[in-house]
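Structural overview
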Amino acid sequence: MVLFIIRFHCTFICIFILSKINLHTAPHPVVLGCAPAPGTLNYTRINTMIHSLFLINSTADIFLEKHWKSVVSRSVCDYFFEAFSKASDPENVPPVIPTPHHYLISIFWEKTFFVAVIQNEVSPLFVIEFLHRVAETFQDYFGECSETSIKDNLVIVYELLEEMLDNGFPLATESNILKELIRPPTILRSVVNTITGSSNVGNMLPSGQLSSIPWRRAGVKYSNNEAYFDVIEEIDAIIDKSGSTVFAEIQGVIDACIKLTGMPDLTLSFMNPRLLDDVSFHPCVRFKRWESERVLSFIPPDGTFRLMSYHVSSQNLVAIPVYVKHNISFRESGASGRFDVTIGPKQTMGKTVEGIVVTVHLPKVVLNTDLTSTHGNYTFDPVTKILVWDIGKMNPQKLPNLKGTLSMQSGVPKPEENPSLNIQLRIQQLAISGLKVNRLDMYGEKYKPFKGVKYVTKAGKFQVRT
Amino acid sequence: MNYAFRLFVTFSAGEIFELKAELNSDKKEKKKEAVKKVIASMTVGKDVSALFPDVVNCMQTDNLELKKLVYLYLMNYAKSQPDMAIMAVNTFVKDCEDPNPLIRALAVRTMGCIRVDKITEYLCEPLRKCLKDEDPYVRKTAAVCVAKLHDINAQLVEDQGFLDTLKDLISDSNPMVVANAVAALSEIAESHPNSNLLDLNPQSINKLLTALNECTEWGQIFILDCLANYTPRDDRESQSICERVTPRLSHANSAVVLSAVKVLMKFMEMLPKDLDYYGMLLKKLAPPLVTLLSAEPELQYVALRNINLIVQKRPEILKHEMKVFFVKYNDPIYVKLEKLDIMIRLASQANIAQVLAELKEYATEVDVDFVRKAVRAIGRCAIKVEQSAERCVSTLLDLIQTKVNYVVQEAIVVIKDIFRKYPNKYESVIATLCENLDSLDEPEARAAMIWIVGEYAERIDNADELLESFLEGFHDESTQVQLQLLTAIVKLFLKKPTETQELVQQVLSLATQDSDNPDLRDRGYIYWRLLSTDPVAAKEVVLAEKPLISEETDLIEPTLLDELICHIGTLASVYHKPPSAFVEGSRGVQHKRLPPRTGSNESVESPESTQPVVGQSADQPPAVIPSQGDLLGDLLNLDLGPPASTVSSGPTSTMQMGAMDLLGGGLDSLIGTSFGSPAVMPASLNAPVGGGLGDLFDLGSNVGIPCGSYVEPKTVSKYPAQCLLFSLRFSLLKYQPFISYLTISSSQVCCGICEE
């Protein structure tokens, strides 16, 4: 109950702020998409790529600001708030917003907006990529990138931002290098620091900063040398009413966790590299070797990193691991509807499908649900109208089913839209594209590392239309 | 670190004094903690400038962390306390000589960020040393510092010869230094558009390409953007640059990918199309663009805006990738709308069935904006792919049956466009449309419906009743509807003169006597005179055959498209406007254009050239038009001069010569006459415009335009001459491709003429 009151209170404040903002920004319409009146950039005052950065939480409060040049007034964010108040959902706030003298380029990362203020013609992708890098770095340093964790570490955040960008030029964005310059906070270190009086800022120039392999530091030592690779594939698919595939593709990544002493030079080869026609690599991968031999040859960064991501295009046939039988209908009279959904295995390559969760965004007129499930639990939030059915592992002998009635607002016409089912699932030890790692060889060092490859297939944006 | 959070909540004025005491403490630890507190309150936007002298006192220390923190503070507040900032200069100069390269770089970096004139004088000597420092880390930091200093005091940088040192750094042995030097030079060059700072020649290009492989992702972006400004000497050089840039398409950083795409799209222009490599390059461009669409939604949005340009320039690249643009229901709305746009651009006979099925699916979604656009898209498909028109119409009819208000209205608007494209083919649906007459409450839909009734009055038995029902609330309607109603009733009268005389009298008097709107009044008078002087002529004018609307709507005008292709990845490409349209003043803006294709014998038209361009193939860009004013001049000329029969050949350079004259003298006299009597005006326009006049008279405001790209400027009113402008604008509509350009300029031109 107390929690509820606090939440209510916050919403109230937020509305107040927004309405105030609306009042005095009314003469400058902020327009979605192709704006007819983008702000006029001032070319006489050049030329910081990112002039300032504001961090804003999802209730529209600015909780951090950093200016790389002169201070830009907070009021510039009013334009952002205006777009924010217009958007139905925080995710729908347009990423580029024009104002009379600046552009605001923003990303939305775990309930936090990173809003960059731009004053001259730049590449928006450059800015967006950089903002993502900032968010990832915070995540890396503080375990999570949230308002609380940032506020707890304001000084480190500031030091990091200063180290990452100099006059609009990204300086050090590799987490390996940053960690040498500014040590991440740990409980142990803060205890040690208070006792010994040492600092958390590195005194030495990071060794990787200027070598031709900036991603790796010198003098890495491990007692256990290990190299693990995770091949993770996500299926993005749209399945239509009748169960046929409208569109399906696979987004794959290979994440690596490498803890190897010295300067190892690795070569990773695949059984069937031909599957990969559209790839992007970590800068460490030698592109020429890939072009000529279809192997990944690289000196790895130390620790965890994304080695490559790939895309198996929609032109190849993509196996769809599950099928869904559904019958969701709304009756014109009687203020009720039927809901009946069954999930079954389709092309699972003999593996078990786990972690199945079905999410349905039901129409606004649905008031409540009365359903029974054969497997797992379901919850329905009457405020957001989101129905979540957590099935877990699928038993092919007895298919999971969720069935019952929906009670709806009476006296309202039946909804036109058909809710889509969003499906999450996981299959261990399988890369659905069929990709297989052949072997990993190491050159340049003498010891024998532990090696391992793990495969997992997940549903990405997997939706079934009803 | 919890103090930071506490501070955020409970910072009070009294604490300032406490901080002051701590800053002046003898204990190092205490000092550091105090500075940290100061920085923490700075980050949340609190003013701690009062502590300036105390913080600066902490600067002389061998503790790197403390030094960094003080520097951070200095950068924020030096500008507001210039006299105090001088106190810091000595420490800076000393730090620039420090044996630790990290400290040298830090000092030169911070000094450049302090925008105080007095300090910049002291900066020159240390900077010169750092630019030649033995440590590349210091050199690369110093390179950026030159750009900073140039921003503060350009003259100083030139006098001190820093620019030449910077140019030398392009040949540095370290790729990071090269990248930063390029970035700094590009930045400086941007404020001196005519300077020859980045003198690109094959040798320097070669150096850049070598550095490209080795520097960081950000450096790669700077180098690629710089490469894009180079014009290769021939197709062979162009090909070799393309070959070396292609590997960047596989980079994980999407900004690198898009910058590489820009370079390739630009240099591709020079390659002969029959070259094998050309086809290969086309194939290589598709996968990275598709990959961009699996990134975060913000990146997707920018990518989609750019893909929109690429698809218009070279549709062949993505023609097989339609499916990746299918909308997922949890895409953010801004991504959905962009995807829809591209789907229509890629729609062809081969994939139309799939596209239609998708669009129909979208039309039942929740989001109103998206549904509207989807319905409109169905209409655009009908217009674009003739074979699908019938299916599109039946899909639209299905949607009308749903009776969802905004779907019905949107459907009626697009069906009107379909009628314009395929006259006398689908009129059987009119009955269904008429059933929904009462539910229409949006001006655009009402106007479209009225247009349909007027246009097909002879087939609708109760057309007079229908129109009469609209007439009741005439004064409450929007101008768009009023104009349309006027035109429709005049059409009806010309078709069925016996029964509707009273109706036409009524509408003419409503329009001319009871209305304050000059548009409406003038149009009313024109009709009135026309009908009373010569009904036969009136019939010829008002019921004249209309030109069909073009297949592709809202295409970007080709010269603009070429310019935007040169700006792929920038804000200009996101807004689809040339940088000059939203950059204050012309400084720093150069019109970039695609290089000419070598190997074909066409010469590039210079803007001054008076040779008409003959036999320009469709995919070849027409001569570059130097400015908006001239473009409009062109269009005016095309309209007012002898009837231009070859619209497709585009504006030719010869016509530019007289255009401005016409705009000046010619228009003046026209405006003069229109002041006198509105009846004279049609006569003076009649000869040149011909069929276009009919177009004007029965299209009316906005209704003939199939898509939203053209927005009528709302500021125009009060002047009788305005009617003429109106007619000019609408006769321009025949030249669809130019509409997007006109939206920018037409309001300015109107103002210009009204002032005269």
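Residues numbered from 1 in each chain as written. Chains lettered and ligands numbered in written order. Predicted model: local features only at pLDDT ≥ 70, side-chain atom pairs only at ≥ 80, totals over all residues. Heavy atoms only, no water.

All names here are of chain B. Relative to each other, helix H22 (residues 368-384) and helix H24 (residues 405-421) sit at 20°, their axes nearing to 9 Å. Classified by the angle their axes make, H22 and H24 are roughly parallel. Relative to H24, the crossing made by H22 is right-handed. Side by side, H22 and H24 meet where Val368, Val371, Arg372, Val375, Arg376, Gly379, Ala382 and Ile383 of the first sit next to Tyr406, Val407, Glu410, Ala411, Val413, Val414, Asp417, Ile418 and Lys421 of the second. Split by residue class, the contact of H22 with H24 holds eleven nonpolar, one polar and five charged. (Axes fitted to C-alpha atoms, helices over the stretch in contact; angles between N-to-C directions. Helix = DSSP H or I, 4+ residues; strand = E, 2+ residues; numbered from the N terminus. Parallel < 35°, antiparallel > 145°, perpendicular 65-115°, else oblique. Left-handed = near helix turned anticlockwise from the far one by under 90°. Contact = heavy atoms within 4.5 Å. Nonpolar A, V, L, I, M, F, W, Y, C, P; charged D, E, K, R; others polar.)

Okay, the confidence of the model for chain B next. Residues and elements named next belong to chain B. For chain B, the mean per-residue pLDDT works out to 74, and 75% of the residues sit at or above 70. Per-residue pLDDT, averaged within each element of chain B, yields its smallest value for helix H40 (residues 739-755) (33) and its largest for helix H19 (residues 297-313) (93). In the predicted structure, residues 1-10 sits below a pLDDT of 50 and forms 24 contacts with residues beyond four places in sequence or in another chain. A low-confidence stretch, residues 599-756 stays under pLDDT 50, and its non-local contacts, those more than four residues away or across chains, total 218 contacts. Here the predicted complex scores 0.75 on pTM and 0.77 on ipTM. (pLDDT = per-residue confidence, 0-100.)

Time to look at the nonpolar core. In this structure, Phe114 and Phe138 of chain A together with Tyr73, Val245, Leu318, Phe325 and Phe419 of chain B are the most contacted members of the largest nonpolar core, which totals 285 residues. Each of domain 1 (50-196) and domain 2 (226-318 + 432-465) of chain A contributes no fewer than three residues to this core. Judged by nonpolar contacts, the second largest core, of 72 residues, contains Ala248, Ile343, Val353 and Phe380 of chain A. (Core = buried A, V, L, I, M, F, W, Y, C linked by side-chain atoms within 4.5 Å. Buried < 20%, exposed > 50% of the residue type's maximum accessible area, 1.4 Å probe, protein only. Domains from an automatic or database assignment.)

Here we come to the domain arrangement of chain A. Taken domain by domain, chain A consists of domain 1 (50-196), domain 2 (226-318 + 432-465) and domain 3 (322-428). Here the C-alpha centroids of domain 1 of chain A and domain 2 of chain A sit 30 Å apart.

Glancing now at the sheet that holds strand S11 (residues 265-270) of chain A. All names here are of chain A. Pairing in this open sheet of three strands is antiparallel, and the strands run S13-S11-S23 from one edge to the other. With one partner strand each, in any of the chains shown, strand S13 (295-298) and strand S23 (437-443) form the two edges of the open sheet. Strand-to-strand twist in this sheet, taken as the mean axis angle between neighbours without regard to direction, amounts to 15°. Sheet topology places S11 next to S23; six bridges connect them, and they run antiparallel. Bridge assignment links aspartate 265 to a residue of S23, and that residue is tyrosine 443. (Pairing = 2+ DSSP bridges.)

Right, let's talk about unusual backbone geometry for a bit. All names here are of chain B. Here lysine 403, not a glycine, exhibits a phi torsion of approximately 65°, which is positive. Structurally, lysine 403 can be placed in the loop between helix H23 (389-401) and H24. Phi angles above zero are rare outside glycine, and histidine 576 is one such case at about 55°. Tracing the chain through its elements places histidine 576 in the loop between helix H33 (571-575) and helix H34 (579-582).

With that settled, consider the pattern of salt bridges. Side chains that differ in charge, positive against negative, can pair when their charged atoms come close. Overall, the coordinates contain 47 salt bridges over all chains when judged by the stated rule. Note that glutamate 65 of chain A and arginine 74 of chain A form a salt bridge whose closest N and O atoms lie 2.6 Å from each other. For arginine 128 of chain B, the salt bridge is made with glutamate 125 of chain B, and the minimal N-O distance between the two is 3.4 Å. Taken together, the residues arginine 128 of chain B and glutamate 125 of chain B, both in helix H9 (residues 117-131) and three residues apart, mark about one turn of the helix. Residue classification places arginine 128 of chain B among the partly exposed positions, given a relative accessible area of 29%. Using a relative accessible area of 46% as the deciding quantity, one classes glutamate 125 of chain B as partly exposed. Shared partners join several salt bridges into a network, and the residues in it are Lys66, Glu162 and Glu163 of chain A together with Lys68 and Arg109 of chain B. (Salt bridge = Lys/Arg side-chain N within 4 Å of Asp/Glu carboxyl O.)

A cluster of acidic residues, Glu465, Glu468, Glu472 and Glu502 of chain B, forms a negative patch on the protein surface. Its location among the elements puts glutamate 465 of chain B in helix H27 (residues 463-471). (Patch = residues over 30% accessible without salt bridge, like charges linked within 9 Å, V, L, I, M, F, W, Y side chains within 5 Å. Areas by Shrake-Rupley, 256 points an atom, 1.4 Å probe, with all protein chains shown as cover. Lys, Arg positive; Asp, Glu negative; His and termini not counted. Charge placed at Lys NZ, Arg CZ, Asp CG, Glu CD.)

Ring pairs (aromatic) are described by centroid distance and by the angle formed between their planes. With the rule as written, the count across this model stands at 21 aromatic pairs over all chains. Where tyrosine 73 of chain B meets tyrosine 77 of chain B, the ring centres are 5.0 Å apart and the plane angle is 50°; that geometry is what we call tilted. Taken together, the positions of tyrosine 73 of chain B and tyrosine 77 of chain B, both in helix H5 (residues 64-77) and four residues apart, correspond to about one turn of that helix. With relative accessibility at 10%, the residue tyrosine 77 of chain B sits in the buried group. Aromatic side chains tyrosine 422 of chain B and tyrosine 426 of chain B sit 6.2 Å apart centroid to centroid with 85° between the ring planes, which places their arrangement in the edge-to-face category. Each member of the pair tyrosine 422 of chain B and tyrosine 426 of chain B is classed as buried. Clustering of aromatic rings is evident, with ring pairs tying together Phe80, Phe81, Phe84, Phe108 and Phe113 of chain A. Against the face of tyrosine 158 of chain A rests lysine 66 of chain A, its NZ or CZ located 4.6 Å from the ring centre. (Phe/Tyr/Trp six-rings, centres within 6.5 Å; stacked < 30°, edge-to-face > 60°. Lys NZ or Arg CZ within 6 Å of the ring centre and 35° of its normal.)

We now examine the interface of chain B and chain A. At the interface, 101 residues of chain B touch 105 residues of chain A. Counting each side, the surface lost to burial between chain B and chain A is near 9,600 Å², with a carbon and sulfur contribution of 59%. Its largest share of buried area at the contact with chain A, chain B owes to Trp218, Tyr329 and Tyr575 of chain B, together 8% of the area lost on that side. At the junction of chain B and chain A, the tally comes to eight salt bridges. Note that lysine 241 of chain A and glutamate 361 of chain B form a salt bridge whose closest N and O atoms lie 3.9 Å from each other. Remark: the boundary between chain B and chain A carries 22 residue pairs in polar contact (both at pLDDT 80 or more). (Buried area = accessible area lost by both parts, 1.4 Å probe. Polar contact = N/O pair within 3.5 Å; in protein donor to acceptor, adjacent residues only side chain to side chain.)

Before going further, it helps to examine the side chain of asparagine 180 of chain B. All names here are of chain B. Tracing the chain through its elements places asparagine 180 in helix H13 (residues 175-191). Residue classification places asparagine 180 among the buried residues on the basis of a relative accessible area of 9%. Dropping the residues within four chain positions of it, asparagine 180 is found in contact with Lys140, Ala143 and Val144.

All names here are of chain A. One open sheet accounts for five strands, arranged S3-S2-S6-S5-S4; its pairing is antiparallel. Because the sheet does not close on itself, it has two edges, and the strands there are strand S3 (62-67) and strand S4 (96-98). When strand polarity is set aside, the average angle formed by the axes of neighbouring strands in this sheet is 20°. Note that strand S5 (residues 103-109) and strand S6 (residues 112-118) share seven bridges and pair antiparallel. If you follow isoleucine 107 over to S6, its bridge partner there is phenylalanine 114.

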